[in-house]
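A structural walkthrough
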2 protein chains.
Amino acid sequence: MSLDRGKVFAYIDQNLPEHVAKLQELVRQPSISPENKGVKDCANLVLRYFKELGCRASLVETSGNPVVYGKYDAGADKTIVVYMMYDTMPVDEPGWRVDPLSAALVENPPFKRCLVARGAYNTKGELRGFLNACESIKATSHELPVNLIFVAEGEEELGSRHLPEFFANHHRELQEADAVFFPFCSEDRHGKVLMPLGVKGIVFFELELDGGSWGRGPREFAIHGSNKAWVDSPTLRMVQALSTMTSPDGNRVLIKDFYENVKVPTAEDLELVAKLEETFDPTSQMEEMRVDRFVGDTRGVEALKRYLFDPTLNIDGMWSGYLGPETKTLLPHKITVKMDVRLVPNMKTEDIVPMVRKHLDEKGFREVQIRVLEAGYGWARTSYKSPIAKALAKSYLEMGKEPEIWPTLAGSAPFAWFSQEPLNLPFVFGGLGHGALAHSPNEYVVIDEGGPTGGLASMEKSYVAIIENLSRMQG
Amino acid sequence: MSLDRGKVFAYIDQNLPEHVAKLQELVRQPSISPENKGVKDCANLVLRYFKELGCRASLVETSGNPVVYGKYDAGADKTIVVYMMYDTMPVDEPGWRVDPLSAALVENPPFKRCLVARGAYNTKGELRGFLNACESIKATSHELPVNLIFVAEGEEELGSRHLPEFFANHHRELQEADAVFFPFCSEDRHGKVLMPLGVKGIVFFELELDGGSWGRGPREFAIHGSNKAWVDSPTLRMVQALSTMTSPDGNRVLIKDFYENVKVPTAEDLELVAKLEETFDPTSQMEEMRVDRFVGDTRGVEALKRYLFDPTLNIDGMWSGYLGPETKTLLPHKITVKMDVRLVPNMKTEDIVPMVRKHLDEKGFREVQIRVLEAGYGWARTSYKSPIAKALAKSYLEMGKEPEIWPTLAGSAPFAWFSQEPLNLPFVFGGLGHGALAHSPNEYVVIDEGGPTGGLASMEKSYVAIIENLSRMQG
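Cut-off values and rules
- Residues numbered from 1 in each chain as written.
- Chains lettered and ligands numbered in written order.
- Predicted model: local features only at pLDDT ≥ 70, side-chain atom pairs only at ≥ 80, totals over all residues.
- Heavy atoms only, no water.
- Contact = heavy atoms within 4.5 Å.
- Buried area = accessible area lost by both parts, 1.4 Å probe.
- Salt bridge = Lys/Arg side-chain N within 4 Å of Asp/Glu carboxyl O.
- Helix = DSSP H or I, 4+ residues; strand = E, 2+ residues; numbered from the N terminus.
- Nonpolar A, V, L, I, M, F, W, Y, C, P; charged D, E, K, R; others polar.
- Core = buried A, V, L, I, M, F, W, Y, C linked by side-chain atoms within 4.5 Å.
- Buried < 20%, exposed > 50% of the residue type's maximum accessible area, 1.4 Å probe, protein only.
- Pairing = 2+ DSSP bridges.
- Axes fitted to C-alpha atoms, helices over the stretch in contact; angles between N-to-C directions.
- Least-squares fit on C-alpha atoms with pLDDT ≥ 70 in both.
- Expected span 1.5 Å × (residues − 1).
- Phe/Tyr/Trp six-rings, centres within 6.5 Å; stacked < 30°, edge-to-face > 60°.
- Lys NZ or Arg CZ within 6 Å of the ring centre and 35° of its normal.

As for the interface of chain B and chain A
In this complex, chain B contributes 96 residues to the contact, which on the side of chain A involves 96 residues. Between chain B and chain A lies a buried interface of about 8300 Å² when both sides are counted; carbon and sulfur atoms form 56% of it. Here Arg-290 of chain A makes a salt bridge to Glu-220 of chain B, at a shortest N to O gap of 3.4 Å. Elements with a minimum of two residues in the side of chain B that touches chain A: strand S10 (201-210), strand S11 (223-224), helix H7 (234-243), helix H9 (283-289), helix H10 (300-309), strand S12 (312-321), strand S13 (330-331) and strand S14 (334-343) of chain B. For the side of chain B that touches chain A, the element with the most residues is S12 of chain B, which contributes ten residues. Of the residues that constitute the side of chain B that touches chain A, the class distribution is 42 nonpolar, 26 polar and 28 charged.

Examining the nonpolar core
Of all hydrophobic cores here, the largest spans 330 residues; its most connected members are Leu-207 of chain A together with Leu-207 of chain B. The residues contacting Leu-207 of chain B, other than those within four sequence positions of it, are Met-238, Leu-242, Met-245, Ile-335, Thr-336, Val-337, Met-339, Val-356, Leu-360, Val-368, Gln-369 and Ile-370 of chain B.

Section: the pairing of strand S1 (residues 56-60) of chain B
Bridging between S1 of chain B and strand S2 (residues 67-72) of chain B involves five bridges; their strand directions are antiparallel. Looking across to S2 of chain B, one finds that Val-60 of chain B is bridged to Val-67 of chain B.

Description of the side chain of Ser-141 of chain A
With respect to the helices and strands, Ser-141 of chain A occurs in helix H4 (residues 120-141). With sequence-adjacent residues up to four places away left out, Ser-141 of chain A is seen in contact with Leu-3, Asp-4 and Val-8 of chain A.

Examining the pairing of strand S6 (residues 147-153) of chain B
Residues and elements named next belong to chain B. The buried fraction of S6 amounts to seven of the seven residues, a majority that puts the element mostly inside the structure. In the sheet, S2 pairs with S6 via five bridges, with the strands oriented antiparallel. Looking at S6, one finds that Tyr-72 is bridged to Leu-148.

Digging into the environment of Pro-387 of chain A
Residues and elements named next belong to chain A. For Pro-387, the location among the structural elements is in helix H12 (residues 387-398). Note: C-alpha distance between Pro-387 and Arg-290 (97 residues apart in sequence) is 37 Å. What Pro-387 contacts, discounting residues up to four positions off in sequence, is Met-473 and Gln-474.

So, the sheet that holds strand S4 (residues 104-108) of chain A
All names here are of chain A. In space, the four strands of this open sheet follow the order S4-S5-S20-S19, with antiparallel pairing throughout. Whereas interior strands pair on both sides, the edge strands pair on one side only; in this sheet they are S4 and strand S19 (435-436). Here S19 pairs with strand S20 (residues 444-446) via two bridges, running antiparallel. Directly across from Ala-436, in S20, lies its bridge partner Tyr-444. Where helix H2 (residues 16-28) meets the sheet, it contacts S4, strand S5 (111-116) and S20, and its direction lies at approximately 40 degrees from that of S5.

Observations regarding the relation of the copies chain B and chain A
Copy one and copy two of the chain differ by a rotation about an axis and a translation along that axis. Once chain B is rotated about the relating axis by 180 degrees and shifted along it by 0.0 Å, it coincides with chain A to within an RMSD of 0.0 Å. Both copies are brought into coincidence by an operation consistent with a two-fold rotation axis. Proximity to the rotation axis, assessed at the C-alpha, singles out Trp-319 of chain B in chain B; its C-alpha lies 2.1 Å from the axis. Both copies share a contact surface, since 100% of the interface residues of chain B are interface residues in chain A too.

Let's talk about the environment of Pro-100 of chain A
All names here are of chain A. Relative to the helices and strands, Pro-100 resides in the loop between strand S3 (79-85) and S4. Residues Pro-100 and Leu-209 lie 109 residues apart in sequence; the distance between their C-alpha atoms is 34 Å. If we skip the residues at most four places from it in the chain, Pro-100 touches Val-91, Ala-117 and Arg-118.

Description of unusual backbone geometry
Note that the residue after Pro-109 of chain B, namely Pro-110 of chain B, is joined by a cis bond; omega there is 10 degrees. Among the secondary structure elements, Pro-110 of chain B is positioned in the loop between strand S4 (104-108) and strand S5 (111-116). Residue Pro-265 of chain B is reached from Val-264 of chain B by a cis peptide bond, and omega for that bond is 0 degrees. Within the secondary structure, Pro-265 of chain B sits in the loop between H7 and helix H8 (267-279). In this structure, Asn-442 of chain A takes a positive phi of about 65 degrees despite not being glycine. When you line up the elements, Asn-442 of chain A lands in the loop between S19 and S20.

Quick word on helix H14 (residues 456-471) of chain A
With 16 residues, H14 of chain A should reach 22 Å at 1.5 Å per residue; the first-to-last C-alpha distance of 23 Å fits that figure. Here H14 of chain A lies mainly inside the structure; 16 of its 16 residues are buried.

Focus: the sheet that holds strand S7 (residues 179-183) of chain A
Residues and elements named next belong to chain A. Within the open sheet, the six strands sit side by side as S1-S2-S6-S3-S7-S18. Their pairing is mixed. Each end of this open sheet is capped by a strand with a single partner; those strands are strand S1 (56-60) and strand S18 (427-430). In this sheet, adjacent strand axes meet at a mean angle of 20 degrees when their direction is disregarded. Packed on one face of the sheet, H4 meets strand S2 (67-72), S3, strand S6 (147-153) and S7 and runs near 145 degrees to S3. Taken strand by strand, H12 contacts S7 and S18, and its axis lies near 20 degrees from that of S18.

Concerning the pattern of salt bridges
All names here are of chain A. Taken as a whole, this structure holds 77 salt bridges over all chains when the rule is applied. Salt-bridge contacts for Lys-401 lead to Glu-187; the nearest nitrogen and oxygen are separated by 3.4 Å. Remark: Glu-187 occurs in the loop between S7 and strand S8 (194-196) and Lys-401 occurs in the loop between H12 and strand S17 (404-406); sequence separation between them is 214 residues. Overall, the relative accessible area of 23% leaves Lys-401 in the partly exposed class. When salt bridges with common partners are traced through the structure, they connect Arg-5, Lys-394, Glu-398, Glu-468 and Arg-472 into a single cluster.

Let's talk about the packing of aromatic side chains
Under the counting rule described, the total for this entry stands at 52 aromatic pairs over all chains. The interplanar angle of 80 degrees and the centroid separation of 5.2 Å between the aromatic rings of Phe-258 of chain B and Tyr-259 of chain B together place this pair among those described as edge-to-face. Across the pair, Tyr-259 of chain B and Phe-258 of chain B agree in class, each one buried. Taking NZ or CZ as reference, Arg-128 of chain A lies 4.4 Å from the ring centre of Tyr-49 of chain A, over its face. Residue placement shows Arg-252 of chain B over the ring face of Tyr-259 of chain B; its charged tip is 3.8 Å from the ring centre.

Spatial relationships are all this shows, so hold off on functional conclusions.
This is the structure:
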């Protein structure tokens with residue numbers, strides 16, 4: 001039996017102010033996992049949401065933040081795991097034009113009202129939007145067409161580091177599911193739907209050098225800068241170590257074997273790239289990122305291929321010595337560099353840190369310490385020919401949107417733990433609507449319709465379509 | 001007529017608690033010039049001190065912080081300019097065991113009570129100690145044996161950037177002086193008196209690279225780290241630029257012509273080094289700095305020669321991207337590097353920034369911006385054969401201490417503006433007592449006698465001897 005989408009969609013439109021208010025409530029509850037701020041309170045809020053929907057729900061404790069686990073039994077044939085994250089990045093960036101936790105609704109041309117807040121797009125907007133969609137189906141059609149297993153984790157921004165503990169204890173229940181869905185909003189600034197079918201893997205680590213572990217330079221604290229004449233500088237030494245890791249433009253990784261296992265683009269990737277040649281236009285991304293040029297002055301699909309298929313070594317942050325105004329002449333005793341590596345098929349997470357260690361050792365930088373922040377997780381891919389990808393594409397088409405299929409995002413999410421052995425669950429992520437500036441100031445998700453993209457109502461309606469198409473998925 | 005030093009010294013001993021209290025008052029008044037915190041209030045406090053001594057005194061405004069200017073007319077033949085600084089570094093360092101502005105008196109083995117505070121050693125201890133010495137002479141001998149011109153500046157830690165304005169307006173008065181003295185305390189941890197006869201010059205600048213000025217990378221804010229695959233990283237690029245500036249150990253500067261004008265050691269330097277071979281022991285410095293080894297595994301006088309004669313390029317601080325706990329995957333839009341160069345004879349301050357610019361350009365880093373924080377000032381030297389150096393050495397000998405003469409400090413102070421054209425005033429700096437950890441946490445000056453070094457009373461008594469010997473200086 002089909003949903004009466006007209007009725008559901010009308011319900012969404014009629015109840016939108018309430019849906020927006022619920023989303024505002026969620027973003028006002030901080031859940032900044034890197035700073036452990038508000039995370040547990042947010043878990044309880046999401047728990048309440050799951051119960052309100054009618055789930056059997058509980059907080060599943062891990063060694064880190066709890067997973068909010070909810071089972072919604074619709075008595076349906078199919079069961080979909082809905083992966084979600086309830087944590088966000090910090091709000092330390094300068095440049096916010098509103099309080100990032102106040103859930104401000106702001107005109108944001110060319111869009112109409114947007115929710116400008118940390119987590120608005122990444123990904124509380126989608127979390128609450130999906131629940132709004134489910135509630136709207138229930139309010140109008142009495143029952144969902146599919147059983148749902150919600151797995152909302154509170155450590156996505158920490159590399160999902162304790163999610164494996166959850167998997168170990170819930171293997172059997174997850175194994176009975178048919179597929180995994182991650183609610184996301186996928187319209188670009190111009191309203192084009194991007195449909196990425198995978199994610200890159202990720203490994204986080206810090207490089208650190210201090211005088212104590214090096215045996216050179218100040219052991220315990222920064223000393224007067226004039227002593228550079230006779231005392232080694234861990235800072236200058238680290239600069240040398242880092243400089244060996246990339247080409248002079250910073251874009252080619254010079255760590256031995258870094259690219260050894262790279263097996264992309266695959267034949268299927270090339271099929272998709274051939275189609276992208278016709279439709280891809282980077283304008284939307286360049287506007288969003290405030291970027292004028294791509295690496296190596298690549299353009300169009302050549303640039304996109306770098307985005308899709310290049311593994312990366314990136315410095316997320318680094319600091320040493322005096323960070324204040326004016327001058328303080330110091331010989332710092334320590335330098336810290338936060339790095340991440342993004343992996344593409346068929347790179348293996350467990351290879352990365354040993355590879356970096358070996359590189360540093362061979363280049364003579366044995367003294368540089370590697371602190372692994374996160375063992376990380378692998379890349380994951382879904383074939384565009386798979387039933388689940390077809391179900392997602394069909395949903396977009398039903399909503400009047402032709403998706404532009406990308407083989408993958410350059411970003412990361414822990415889908416590998418669902419898609420690989422032992423669960424082998426197919427996954428997709430997506431939905432209508434538009435947001436941007438994840439991890440940046442003025443992160444937003446579009447609320448109102450009427451601009452170049454869909455708003456919250458479009459997002460929720462697309463989830464309705466996706467839920468129904470996933471419930472009918474063959475295979 | 002000679003001072004009755006016995007009487008003066010007894011007065012110092014009897015009034016020491018009050019002298020300590022006055023020093024505590026001074027360090028409790030913040031005067032953090034890099035953060036513009038309390039500077040003006042401290043200037044007024046020093047102004048009051050000068051007036052209490054009997055000076056005609058005023059604040060001389062500059063484009064920056066005022067110079068506290070005081071003229072003490074003793075009706076004497078000789079006039080000494082007393083250079084002082086009333087500003088300090090920030091207190092941002094972790095690791096302070098007391099509030100750095102509370103003027104705590106703390107047992108600090110192997111010393112007895114020390115004043116542990118920002119500015120205690122660098123150089124409020126000496127400023128107040130010198131005034132205590134002058135007051136003690138006046139209280140016991142009615143008059144000072146020499147006229148004094150106090151020049152207390154509030155921007156030493158900013159590279160004395162507006163002191164030239166003061167000089168321009170007070171040239172005539174300064175020209176009538178016979179010499180310049182900077183009260184300092186010069187005992188090492190073991191109580192050996194070091195007598196450096198010069199300072200290095202200094203130039204401060206920041207290197208900065210951002211996507212906006214580069215035309216590559218994010219222009220306005222840090223973006224999601226996954227975009228490294230197709231967007232350039234100013235951070236990785238700056239690492240490459242910095243890496244070209246030194247040898248792999250960070251100790252040899254590879255900027256063309258950096259060493260071109262280095263004309264040290266001079267013949268006189270070598271005479272002093274020959275004497276240092278017999279007495280120099282770096283243990284005290286290594287203990288203070290918490291350093292196990294010197295650059296290039298040099299030892300003893302070989303290490304000291306690096307300290308004395310090497311110009312340096314140093315990173316005082318650097319930062320880019322996320323500086324918080326855990327992880328935030330970012331492609332930062334900007335990296336800032338605070339650097340200083342220390343100059344030895346006969347390097348010229350005005351050569352440095354053009355040299356760095358040329359280096360960056362030639363290596364292909366035209367996009368790296370140089371922001372000059374401080375035009376800086378030159379090195380300065382006093383001959384050990386000069387009357388003023390002899391007067392200082394004589395003072396130490398009279399106090400029972402054989403000084404170990406060093407050709408220079410590696411640190412910097414703006415003596416060049418006194419010692420070079422047009423003023424051509426000879427200068428020295430020194431005094432007994434011990435302090436350490438300038439610019440580091442737990443900066444201290446020793447207050448009590450009875451440890452391996454002199455305390456505040458020794459410092460003040462040595463200033464009495466120095467004042468008298470400078471008043472009798474020939475030539």
